[in-house]
Amino acid sequence: MNILGINSTYHETAAAVLVDGSLVAAAEEERFNRIKHGKQSNIDNPHQFPEHAIRFCLDYAGLRTSDIDHVAYSFDPNLRRSQFRADWWPDPRWEEVFLLRLGEVRGVAERIIGRPLRQNFHFVPHHLAHAASAYFPSGFDGAAILTIDGLGEVAATTLSKAVGTRIRMVETLLYPHSLGFVWELISLHLGFSAYDASKVMGLAAYGNPEVFRDEFESIMGLGSEDYAIDPEAIGLLSAKSSRLQNLLGLPRYPDSEILQRHADIAAALQVATNAAVGALVRRLKRKVPLDNLCLAGGVALNCVTNEVVRQSGDFSNVFIPSAPHDAGTAIGAALVVYCSRQKSDPERGNSMPFLGPEFNRREILAAVKSAGLTPQRSKAPAREAADMIADGKIVAWFQGRMEFGPRALGNRSLLADPRRADMRNILNQRIKHREGFRPFAPSVMAEHADEWFEVGGHSRSHEFMLFACPVKPDRRDRIPAVVHRDGSARLQLVRRGTNPRFHELISRFFGQTGVPVVINTSFNDSEPIVCTPTDAIVTFRKSSIDALFMDDVYVTVPT
Ligand SMILES: [Fe+2]
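Residues numbered from 1 in each chain as written. Predicted model: local features only at pLDDT ≥ 70, side-chain atom pairs only at ≥ 80, totals over all residues. Heavy atoms only, no water.

J.: Describe the sheet that holds strand β8 (residues 166-174), listing the residues and the values that go with them.
T.: Strand order in this open sheet of 5 strands is β8-β7-β6-β9-β10, and the pairing throughout is mixed. Each edge of the sheet is formed by a strand with only one pairing partner; in this case those strands are β8 and β10 (317-319). Each adjacent strand pair in this sheet contributes to an overall mean axis angle of 20°, direction not counted. (Pairing = 2+ DSSP bridges. Helix = DSSP H or I, 4+ residues; strand = E, 2+ residues; numbered from the N terminus. Axes fitted to C-alpha atoms, helices over the stretch in contact; angles between N-to-C directions.)

J.: So what's going on with the pattern of salt bridges? Residues and values would help.
T.: If you walk through the whole model with that rule in mind, you get 33 salt bridges. For Arg111, the salt bridge is made with Glu51, and the minimal N-O distance between the two is 2.8 Å. Pair noted here: Arg111 is in helix α5 (residues 105-113) and Glu51 is in helix α2 (residues 51-61), with a separation of 60 residues, a long-range link. Of the residues examined, Glu51 reaches a relative accessible area of 36% and is grouped as partly exposed. One salt bridge in this structure joins Arg508 and Glu504, with 3.6 Å as the shortest N-O distance. Within this pair, Arg508 and its partner Glu504 are both found in helix α19 (residues 500-513), separated by 4 residues, close to a single helical turn. By relative accessible area, which is 34% here, Glu504 ends up partly exposed. (Salt bridge = Lys/Arg side-chain N within 4 Å of Asp/Glu carboxyl O. Buried < 20%, exposed > 50% of the residue type's maximum accessible area, 1.4 Å probe, protein only.)

J.: Can you break down the nonpolar core residue by residue, with the values?
T.: Counting 127 residues, the largest nonpolar core has Leu146, Ile186, Phe216 and Leu293 as its most contacted members. If one sorts the elements of this core by residue count, helix α12 (residues 260-287) sits on top with 11 residues. Among the nonpolar cores identified, the runner-up in size contains 62 residues, and Ala382, Ala386, Ala489 and Leu548 belong to it. (Core = buried A, V, L, I, M, F, W, Y, C linked by side-chain atoms within 4.5 Å.)

J.: Break down the coordination of the iron ion for me, with residues and values.
T.: Note on the iron ion: its protein donors are His126 (NE2), His130 (NE2), Asp149 (OD) and Asp326 (OD). The metal-donor distances range over 2.0 to 2.3 Å. Donor residues binding the iron ion come from one chain and are separated in sequence as H-x3-H-x18-D-x176-D. One end of the pair, His126, is in helix α6 (residues 126-138); the other, Asp326, is in the loop between β10 and α14 (329-341), with 200 residues separating them in the sequence. (Donors = N, O, S within 2.8 Å, 3.2 Å for Na, K, Ca; no water.)

J.: A description of the sheet that holds strand β17 (residues 492-494) should follow, citing residues and the corresponding values.
T.: The mixed open sheet is built from 8 strands, whose spatial order is β11-β20-β19-β12-β13-β18-β14-β17. Two strands in the sheet have a free side with no partner beyond their single neighbour: β11 (376-377) and β17. With 4 bridges joining them, strand β13 (residues 412-416) and strand β18 (residues 517-522) adopt antiparallel strand pairing. The partner of Leu414 across the bridge, within β18, is Thr521. Those strands touched by α19 are β12 (395-398), β13, β14 (441-445), β17 and β18, and its axis lies near 135° from that of β18. (Contact = heavy atoms within 4.5 Å.)

J.: Summarise unusual backbone geometry; cite the residues concerned and give the values.
T.: That bond from Tyr175 to Pro176 is cis: its omega, 10°, falls within 30 degrees of zero. Residue position: Pro176 is located in the loop between β8 and α7 (179-189). Of note in this structure, Ser526 is not a glycine but carries a positive phi near 55°. Here Ser526 shows up in the loop between β18 and α20 (533-542). Relative accessible area serves as the criterion here: at 53%, Ser526 is assigned to the exposed category.

J.: Describe the pairing of β8, naming the residues involved and giving the relevant values.
T.: In terms of strand pairing, strand β7 (residues 155-163) meets β8 through 8 bridges, oriented antiparallel. Counted as the bridge partner of Thr158 is Thr172 from β8. Hairpin connection of β7 to β8: 2 residues between the antiparallel strands, including Gly164 at a positive phi of 60°.

J.: Explain the packing of aromatic side chains residue by residue, including any values.
T.: Any aromatic ring pair is given by two values, namely how distant the centres are and how the planes are angled relative to each other. Following the criterion strictly, the structure yields 20 aromatic pairs and no others. Judged by centre distance (5.2 Å) and plane angle (40°), the ring pair of Trp88 and Tyr175 falls under tilted. Taken as a pair, Trp88 in the loop between α3 (77-83) and α4 (93-102) and Tyr175 in the loop between β8 and α7 lie far apart in primary sequence, 87 residues in all. Overall, Trp88 belongs to the buried group, its relative accessible area being 10%. Owing to a relative accessible area of 5%, Tyr175 belongs among the buried residues under this scheme. Clustering of aromatic rings is evident, with ring pairs tying together Phe84, Trp88, Trp89, Trp94, Tyr175 and Phe181. Positioned above the aromatic ring of Phe315 is the side chain of Lys285, whose terminal nitrogen or guanidinium carbon lies 4.8 Å from the ring centre. When the ring centre of Phe398 is taken as reference, the NZ or CZ atom of Arg412 above it lies at 3.9 Å. (Phe/Tyr/Trp six-rings, centres within 6.5 Å; stacked < 30°, edge-to-face > 60°. Lys NZ or Arg CZ within 6 Å of the ring centre and 35° of its normal.)

J.: Summarise the state of the cysteines; cite the residues concerned and give the values.
T.: Summed over the entire model, instances satisfying the criterion amount to 0 disulfides. As a non-bridged cysteine, Cys57 has Cys531 as the owner of its nearest cysteine sulfur, 11 Å distant. Overall, Cys57 belongs to the buried group, its relative accessible area being 0%. The structure places no disulfide on Cys294, whose sulfur is separated from the nearest cysteine sulfur, that of Cys339, by 14 Å. (Disulfide = S-S within 2.5 Å.)

Following this line, the structure appears as C-alpha cells:
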C-alpha cells in the first residue's frame, strides 16, 4: 500500500511517502522552490501543494502517480467548518475564502495523481497528524502526547493518549488559547517576522524575566495545570482591542536597535512558556499516567522549554521528532491513514531524519564542472575537513540524504571550530548574516557528550538539536563559540550508527584537538537550507566559505 502524505494548509508545506507502512521519503517544499517555509501562511493558499516535494518523494520511492493508493491531507475542513467561529476573524469573509480554497485541495491532488481519488483521499485532523508524527517514530509502546502549535482546525493544544496503534484525543484547548500565536505576535512586536521564534528564544538569554513577569502572567493566565490566553492582552485576531502596547511598550521597528527592554520581554515570554507547557505536562501526566511522553507541534521546537519538560521528570522518556512543526504532519497524516486501512502495524521506532534527496558522485562532479570550478577528490574527506576546521576554516559539509526538519544535522551543515571565541562573528560576517545575539549550536560525539555538557539521560531527540542544556562550567572556556549567554547550548549528539561520516569528522577533530565538538549551523545564507549540489555551490560562491565537501569531492576558494 502506497500512501502520499501532504501538508499545505498553513506553512512548512511538505510531502511524505509511506510504502507498506514504512517511511521511504519526506521533504519540505522550501528546499526545492527556495521560498522559506514553502509559502506564506495565507487564508487563500491552502491549495498550493508542495508539488516539487511530492515529485521527489515519488521518484525516490520508485513510484508512478498511478501507484499511489491513498492521499492523506493533514487538515480536516469538515472539523473546521463545524467548530470554527467566523467571528474569530476580524472579517468573517476570511473564513469563507479559507474554506473555498480548502475545497479545492482534493481536486489538486487528483490533478497530480491523474485520476479521481474518491474514498482514497483522506482529510486527517491536524493535531492527530502531529501526534502520529511523533508517536510512531518514537518506538514507544504507549505514550502520552502533547501537541502545541498556533492552530489546527480549532485546537491550539491537544492532549492525547496512544495505545498500540490507536491515538485518542483526551482534551483540546481551543483558539484563542494558542501559545504558538503568542510567540508569533511577540516576535512581531519585537521587530522580527512571525516565523522568527528562534530569534526570540536566542534573545531571551540576554534578558531579565522578572521585568515583564506580571505582564506575561496577565497575557498567559498561568495556572498550576493549564493556562488561558487573554486575547485582548495579546491582540489576537478575535480581540476587539489590544493592550499589548500598554503592557510591553511600543513595538520595535525592524532593523532598529535591540534594547535591553526587548531582551527582557523575550526572557519573560520564555519563562511564561516554560510554566505553561510545564502545567500542561502535569495535566497530561494526571490524565495519562504513562512513562512516555511525545511532544509535537511548532512549539516543540522550543529547545529551552523542551529541556524544562525533560528535567521535570514527570515522564521518564521524552521523544520529539526531527520535524515537530507542520512539515511533520505530512508523515503523521500518512501514518494515520495506514492505521485506519491496515491491520498490521506501521513501521515503529524509525526516527531517522535523513529522508530527503541524495546525489551521486557523477551528479556532484557535473554540478562542480558546470560552475567552472575545479573538483578535487579526497581519499579521506572526514580527516581533511577536520584538519581544515582545526585550522580555522569554515567547511560546508554536504553528504547523503537531506534532513527532514528545520535543523541541519550533519548532511547539509556548515562546520567550524568551537574553540575560537571569534568564530561566531566570523560566521555571521562572512556567511550567515544573522543577529549577533543568536547562538551557534555544537555537535558532539555522543560517547563524549557527558564530559562536556550536562545532558542528563540521553534521548534520541538529542540527535535533532531539540534540547538546550548547560555546558559544564569547567569546559566553557574550551568551546566559547557554542556557549550561549546563559551558559547553555542547543547540542546535537552524533552517533556513529546514525551518521557515520559526520561522526568520523568530529572524531578526527577530537583526535587532533582533544575537543569532540564542532560548530554546526545550517548550510544557507538567509535562505532555505541547500538541497542540491548546485544550491550548495551557489551558496559557496556567494559567501566566504573556505571549502565545500560533497561526498568525497571538494572544492576550495579559487586563488
Ligand atoms: Fe501545526
